[in-house]
Every structure is written in structure tokens, then in C-alpha cells.
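These are the residues of each chain, in order.
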Amino acid sequence: MSAVINLAAKSPDFVISRVFAAPRELVWKCFTEAERVSNWWGPKGVTSSIKSLDLRPGGLCHYKMTLPDGQVWWGKSVYREIAASSRLVFINSFSDENAGLTRHPLGPTWPIQMLTVVSFEEERGGKPKVTVRWSPVNPTAEEQKTFDAGHDSMRQGWGGSFDQLEAYLAKALDKPS
């Protein structure tokens, strides 16, 4: 009896991490409270607003991103797993104004849905490390190829989002209690 080996290896997930100079609980709130998410979510230069955020397994976060040129993009996340202050798992996708599933406005071969795993770990000195792991959900071969080719762009987008989060955290920590 011989074993069947699948030689079609899936490419690596996209992974990005950053350590933040803020309490872990505050960083968690920045991912889970609508008023905080809207202050940093999205690539640099994008203004975001949260239409709804229902933080529970099966719950939905529906958001609008306004680009510097005035274009409006909608997105949604459907939560799968929530472990307070340590882990969020959700399916992320572009959407319409009514939270209906849509394709990327500029990328017709971008995967329709992305599995997003965000982990919050404690680093030395008590600083939280946030790691985002992204992988396409049931991609076609063409979607997987587009995802694989887009890692540099994703690094730039998530890097810009993390920069905005860092700036928001600095302002939040600077406010008197």
C-alpha cells in the first residue's frame, strides 16, 4: 500500500507583526471597539468609519473606507473566534453598503474572502506584540497567484495601518485620565 502525497503545496500565509508601546488591553480595545477601530483601520491616508460592530462568534463588523481621492470602499469581517486580549479570528472581505459580498474594487482576481487571525502576545517589558496572519479562503488558482504576488503590497497596507494604530495609541496614552 502506498501513500498518496499531494505535491501541490499551498504558498505561505502572509504574516506581519508589530510590538506596540501601550498596554495590551488598550491595543485589544483598538481592534474590538468601533470608536477606536475607526481611528486607525485601513491603509495610510484612508478614513474609516464603522457602520456596525457585533463582537461575538458569528457577529459582523461592517465598515466604510474613504480613500484620499474620495472613492468609497466597503468591507466586512465575520467573527469566528474571540479570545479576550489574546486572539481574534474572522473572515474578511470587501462588501457593498448593505454588507453583501463583493470583489476587490481594483483587483478582480483578489481572493473573495480572507481568513484573518490576529494574535496578541506579551513581549519582554510587558509590551504587546500583534501578529496578523492572512490567508485566502478556498481560492481559485488565479486568486492564490494574485495573493502570493501581493505580499509586498499587503506589507505596505498593514504597515500603514499599524503606523496609524501606533499614532492613535500615542495620542490615547497622552490624554489625561
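Caption draft 1: Here's a closer look at the overall build of the protein chain. Scanning the protein chain for helices and strands turns up 4 helices and 8 strands. Ordered by position from the N terminus, the helices and strands of the protein chain form the series β-α-α-β-β-β-β-β-β-β-α-α. Radius of gyration (C-alpha) of the protein chain: 17 Å, near the 16 Å computed for a compact globule of 177 residues. Each principal axis of the C-alpha distribution contributes one length, and for the protein chain these read about 65 × 40 × 30 Å. Going through the 177 residues of the protein chain one by one, you find that 41% of them count as buried. Counting only contacts in the protein chain whose residues sit at least 6 apart along the sequence, the fraction spanning at least 24 positions is 51%. When the accessible surface of the protein chain is totalled, it reaches about 9,900 Å², and 53% of it is carbon and sulfur. The distance from the centre of the 21 positive side-chain charges to the centre of the 19 negative ones in the protein chain is 2 Å.

Caption draft 2: Fine view of helix α3 (residues 141-149). Among the residues making up α3, those that are buried are Glu143, Gln144 and Phe147. Projection of α3 onto a plane perpendicular to its axis shows the buried side chains occupying an angular sector of 100°, all on one side. Pointing more than 90 degrees away from the buried face of α3 are the exposed residues Ala141, Glu142, Lys145 and Ala149.

Caption draft 3: A look at the confidence of the model for the protein chain. The pLDDT averaged across the protein chain works out to 92; a share of 93% of its residues lies at or above 70. No element of the protein chain has a lower mean pLDDT than helix α4 (residues 151-174), which averages 93, and none a higher one than strand β5 (residues 87-95), which averages 98. In this model, residues 1-9 is a region of pLDDT below 50 whose contacts with residues beyond four sequence positions or in other chains number 0 contacts.

Caption draft 4: Examining the side chain of His151 more closely. Along the chain, His151 falls in helix α4. Judged by relative accessible area, which is 17%, His151 ranks as buried. With sequence-adjacent residues up to four places away left out, His151 is seen in contact with Pro12, Asp13 and Phe14.

Caption draft 5: Region of the structure containing unusual backbone geometry. The residue Ser85 is not glycine, and still its phi comes out positive at about 60°. Mapped onto the secondary structure, Ser85 falls in the loop between β4 (72-83) and β5. Overall, Ser85 belongs to the buried group, its relative accessible area being 14%. In this model, Ala99 sits at a positive phi of 70°, which is unusual for a non-glycine residue. Note that Ala99 resides in the loop between β5 and β6 (101-102). A residue is classified by how much of its surface remains accessible, and Ala99, at 15% relative accessible area, is buried.

Caption draft 6: Structural detail: the pairing of strand β8 (residues 128-136). Of all 9 residues in β8, 7 are buried; the element is thus mostly enclosed. Strand direction decides the pairing type here: strand β1 (residues 14-19) and β8, joined by 6 bridges, are antiparallel. Pairing of Val15 across the sheet is with Arg133, part of β8. Strand direction decides the pairing type here: strand β7 (residues 114-122) and β8, joined by 9 bridges, are antiparallel. Each bridged residue has a counterpart across the sheet, and for Met114 the counterpart in β8 is Pro136. Between β7 and β8, which pair antiparallel in sequence order, lie 5 residues; one of them, Gly125, sits at a positive phi of approximately 85°.

About the criteria used
- Residues numbered from 1 in each chain as written.
- Predicted model: local features only at pLDDT ≥ 70, side-chain atom pairs only at ≥ 80, totals over all residues.
- Heavy atoms only, no water.
- Helix = DSSP H or I, 4+ residues; strand = E, 2+ residues; numbered from the N terminus.
- Rg over C-alpha atoms; globule rule 2.2 N^0.38 Å.
- Buried < 20%, exposed > 50% of the residue type's maximum accessible area, 1.4 Å probe, protein only.
- Contact = heavy atoms within 4.5 Å.
- Areas by Shrake-Rupley, 256 points an atom, 1.4 Å probe, with all protein chains shown as cover.
- Lys, Arg positive; Asp, Glu negative; His and termini not counted.
- Charge placed at Lys NZ, Arg CZ, Asp CG, Glu CD.
- Arc of directions from axis to C-beta.
- pLDDT = per-residue confidence, 0-100.
- Pairing = 2+ DSSP bridges.

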